[in-house]
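Read off the chains here:
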Amino acid sequence: MNSNDDIIIIKGDENECYEVDTSQRLGKGGCGQVFRGMRIDEFTGEPKEQVAIKFLFDDLPEEMVERARDEAKMNVFHENLLRMYSFVELEDNQAPGVIHYHVVSEYIDGVRLHDIIHSRLPDRYPGVSSSLIQQQQRYLNDRVHFSAEVLLKILAGIGAMHKAGYIHRDLAPSNIMLSSSNQLKIIDFGIAKKLGQLKPNDHPATAQGCCPYTPDYAAPELCTGSVTDLNFTTDIYAVGIILFELLTGHVPFKGDRYQIAHQQMHASLPLNQVNIGGAVGRSMRGVIRKATAKRQRDRYQTADEMAAAIEAALHPVPWSDILHWTAILLGGLLLMVGGLLAGLYIF
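Just so you know, these numbers come straight off a predicted model, no measurement behind them. (Residues numbered from 1 in each chain as written. Predicted model: local features only at pLDDT ≥ 70, side-chain atom pairs only at ≥ 80, totals over all residues. Heavy atoms only, no water.)

Some details on the overall build of the protein chain
Secondary structure summary: the protein chain contains 10 helices and 11 strands in total. When the 347 residues of the protein chain are sorted by exposure, 43% land in the buried category. (Helix = DSSP H or I, 4+ residues; strand = E, 2+ residues; numbered from the N terminus. Buried < 20%, exposed > 50% of the residue type's maximum accessible area, 1.4 Å probe, protein only.)

This is the structure in structure tokens:
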């Protein structure tokens with residue numbers, strides 16, 4: 001049972017008010033701790049909706065605080081993107097001049113795609129809903145269709161970000177959540193940026209000086225650190241790696257982060273490990289190959305283009321139909337040639 005000592009009230013700007021239960025910690029990362037909270041109507045005191053509130057660590061450098069502030073401003077509304085609400089700054093009542101920072105976002109009752117892929121339910125999430133267990137089982141029983149459905153939702157969300165001018169830069173199964181109501185949400189916009197606002201010195205780094213992107217999914221241009229070379233196909237590359245992992249159960253390259261980055265820049269993906277037979281398998285391998293091309297111009301240029309390719313891969317034209325229509329076209333061509341030859345002969 002929760003005590004009153006566990007409840008904290010956070011008041012932001014524009015009549016924002018949040019009630020936080022500090023006994024309900026959802027997770028902890030390099031920048032802070034995340035708790036479940038409730039958005040409260042400040043005038044009536046009635047609860048509006050559940051939220052997730054990240055309490056940033058007090059010793060973060062200013063650039064990390066600015067990144068969190070930017071993340072809270074990433075308000076691109078789409079059903080497959082986590083909704084960001086606000087960035088709240090509060091002065092400590094016991095220590096004047098000390099400011100505490102909070103990022104408020106939509107609360108998702110779900111698990112990370114990474115845990116579905118690696119069959120970590122329910123071990124990692126005791127009491128996880130039966131619907132999420134069913135999603136994991138469906139993935140194990142029908143990887144192709146489950147993976148395609150997941151990819152189409154990811155591409156829909158990323159497409160919305162791109163159309164708003166944003167690039168995510170850190171797409172990975174650990175930054176994608178599946179909810180108990182079968183929703184998919186892309187999360188963690190900590191290094192997302194408007195493409196037109198990227199500058200040569202805007203190379204992302206953590207408080208410890210490490211690059212925070214996940215090398216397993218990083219495009220070659222992201223691995224080189226050349227920020228000005230990034231474009232929307234940088235995210236497309238990551239989606240291609242996610243598709244590879246969904247279909248195989250593992251990422252294509254192994255090693256430490258430097259070895260993996262080197263392979264992302266120079267090595268071909270082991271597509272023979274995508275062990276799916278028939279036309280669907282060939283088509284899926286083709287989708288991955290194009291999405292993860294080393295040169296940006298050889299990749300899908302938009303999320304919509306890649307989504308169309310996945311749809312087509314799921315419904316390949318049977319060889320019998322191809323042979324049938326080829327025969328008809330060849331027959332028509334032979335008739336035309338015969339007619340022309342007959343005309344020349346008569347002439």
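There's plenty left to go through after this.
Considerations on the sheet that holds strand β4 (residues 47-56)
The strands making up a sheet associate through hydrogen bonds between their backbones, and the pairing can be parallel or antiparallel. Taking strand neighbours across the sheet as the criterion, the six strands line up as β1-β2-β3-β4-β6-β5 in an open arrangement whose pairing is antiparallel. Of all the strands in the sheet, the pair left with one neighbour each is β1 (7-11) and β5 (84-91). Averaged over neighbouring strand pairs, the angle between their axes works out to 35 degrees when direction is ignored. Relative to strand β6 (residues 99-106), β4 is paired through five bridges, and the arrangement is antiparallel. Its bridge partner being in β6, Lys-54 is matched across the sheet by Val-103. Where helix α1 (residues 62-72) meets the sheet, its contacts fall on β4, β5 and β6, and the angle it forms with β5 comes to roughly 140 degrees. (Pairing = 2+ DSSP bridges. Axes fitted to C-alpha atoms, helices over the stretch in contact; angles between N-to-C directions. Contact = heavy atoms within 4.5 Å.)

Looking at the environment of Gly-165
Positionally, Gly-165 belongs in the loop between α4 (143-163) and β8 (166-167). Taking the C-alpha atoms as reference points, Gly-165 and Lys-194, 29 residues apart in sequence, are found 5.2 Å from one another. Non-local contacts of Gly-165, meaning those with residues more than four positions away in its chain, are made with Lys-193, Lys-194, Leu-195 and Phe-232.

Re the packing of helix α8 (residues 278-291) against helix α9 (residues 303-314)
Contact geometry for α8 and α9: axes closest at 8 Å, N-to-C directions at 165 degrees. As the angle between them shows, α8 and α9 are arranged roughly antiparallel. Viewed along their axes, α8 and α9 form a crossing whose handedness is right-handed. Contacts between α8 and α9 involve Val-280, Ser-283, Met-284, Val-287, Lys-290 and Ala-291 from the first element and Glu-305, Met-306, Ala-309, Ile-310, Ala-313 and Leu-314 from the second. Per-class residue counts for the contact of α8 with α9 are nine nonpolar, one polar and two charged. (Parallel < 35°, antiparallel > 145°, perpendicular 65-115°, else oblique. Left-handed = near helix turned anticlockwise from the far one by under 90°. Nonpolar A, V, L, I, M, F, W, Y, C, P; charged D, E, K, R; others polar.)

Section: the sheet that holds strand β7 (residues 110-112)
With antiparallel pairing, three strands are arranged side by side in an open sheet as β7-β9-β10. The open sheet terminates on both sides in strands that have one partner only, identified here as β7 and β10 (184-186). With direction set aside, neighbouring strand axes in the sheet form an average angle of 25 degrees. Bridge count between strand β9 (residues 176-179) and β10: three bridges; the pairing is antiparallel. By the bridge assignment for β10, Ile-176 is matched with Ile-186. Contacting β7 and β9, helix α3 (residues 130-141) runs over the sheet at an angle of about 120 degrees to β9. Those strands touched by α4 are β9 and β10, and its axis lies near 45 degrees from that of β10.

Let's talk about the pairing of β6
Of all eight residues that make up β6, seven are buried, and the element is covered over most of its length. Pairing geometry for β5 and β6, over seven bridges, is antiparallel. Counted as the bridge partner of Ser-86 is Val-104 from β6.

Examining the packing of helix α6 (residues 233-248) against α8
Their axes nearest at 8 Å, the elements α6 and α8 cross at an angle of 145 degrees. Remark: the crossing between α6 and α8 carries left-handed chirality. For the pair α6 and α8, contact is made by Ile-236, Tyr-237, Gly-240, Leu-243, Phe-244 and Leu-247 and by Met-284, Val-287, Ile-288 and Ala-291, respectively. Considering only residue class, the contact of α6 with α8 consists of nine nonpolar, one polar and no charged.

Section: the pattern of salt bridges
Under the counting rule described, the total for this entry stands at 10 salt bridges. As a salt-bridge pair, Glu-71 and Lys-54 come within 3.8 Å of each other at their nearest N and O atoms. Highlighted residues: Glu-71 in helix α1 and Lys-54 in strand β4, separated in sequence by 17 residues. Residue classification places Glu-71 among the buried residues on the basis of a relative accessible area of 7%. Relative accessible area serves as the criterion here: at 23%, Lys-54 is assigned to the partly exposed category. Shared partners join several salt bridges into a network, and the residues in it are Glu-66, Arg-69 and Glu-89. (Salt bridge = Lys/Arg side-chain N within 4 Å of Asp/Glu carboxyl O.)

Digging into the environment of Met-161
Positionally, Met-161 belongs in helix α4. In sequence terms Met-161 and Phe-232 are 71 residues apart; their C-alpha atoms lie 9.5 Å from each other.

Remarks on α1
Buried within α1 we find Met-64, Val-65, Arg-67, Ala-68, Arg-69, Glu-71 and Ala-72. In this structure, the buried side of α1 is in contact with β4, β5 and β6.

Regarding the environment of Asn-175
Relative to the helices and strands, Asn-175 resides in the loop between β8 and β9. In this structure, the C-alpha to C-alpha distance between Asn-175 and His-114, residues 61 residues apart in sequence, is 8.3 Å. Here the side chain of Asn-175 touches Asp-170 through a polar contact of 2.8 Å, landing on its backbone oxygen. (Polar contact = N/O pair within 3.5 Å; in protein donor to acceptor, adjacent residues only side chain to side chain.)

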